[in-house]
Amino acid sequence: MITAVVFVHADVSSIPDVAEAIAEIPGVTEVYSVTGSIDLIALVRVKQVDDVATVVADKLNKVPGVIDTETHIAFRTFSRHDLEAAFSL
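What counts as what
- Residues numbered from 1 in each chain as written.
- Predicted model: local features only at pLDDT ≥ 70, side-chain atom pairs only at ≥ 80, totals over all residues.
- Heavy atoms only, no water.
- Pairing = 2+ DSSP bridges.
- Helix = DSSP H or I, 4+ residues; strand = E, 2+ residues; numbered from the N terminus.
- Axes fitted to C-alpha atoms, helices over the stretch in contact; angles between N-to-C directions.
- Contact = heavy atoms within 4.5 Å.
- Buried < 20%, exposed > 50% of the residue type's maximum accessible area, 1.4 Å probe, protein only.

Whenever I open this one, the sheet that holds strand S3 (residues 40-46) confuses me. Can you help?
Through backbone hydrogen bonds, the strands of a sheet pair up, either in parallel or in antiparallel fashion. Pairing in this open sheet of four strands is antiparallel, and the strands run S2-S3-S1-S4 from one edge to the other. One side of each edge strand has no neighbouring strand; the edge strands of this open sheet are strand S2 (28-33) and strand S4 (66-73). Ignoring which end each strand starts from, the neighbouring axes of this sheet average 20° apart. Strand direction decides the pairing type here: S2 and S3, joined by five bridges, are antiparallel. Bridge pairing links Val-31 to Ala-42 in S3. Running at roughly 165° to S2, helix H1 (residues 15-23) makes contact with strand S1 (2-10), S2, S3 and S4 of the sheet.

Following this line, the structure appears as structure tokens:
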């Protein structure tokens, strides 16, 4: 499983609509409206790296109201849930 974190700059007047449209894209598991220099963060979870390009470049970037994106692919996931599972072996 490949996880990508996508920072989205959106047209301020349409952030809720942009977020809802992004959330409907297959491969996008979550969309957060956030404070700071970006407007939305989308989590993309797909089987292969090439699928990230399909989701982000072919679909997410083409949502009306998306101005710019910055994509970060995760190498590893660290979470309390994962650590507890590892130590329960």
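Moving on from the coordinates now.
Before we go on, may I ask you to explain the pairing of S3 in this structure?
Taken residue by residue, a regular strand's side chains alternate between the two faces of the sheet. Here S3 lies mainly inside the structure; six of its seven residues are buried. With seven bridges connecting them, S1 and S3 associate as antiparallel partners. Along S3, the bridge assignment pairs Ala-4 with Val-44. Between S2 and S3, which pair antiparallel one after the other, the connecting turn spans six residues, and Gly-36 there sits at a positive phi close to 110°.

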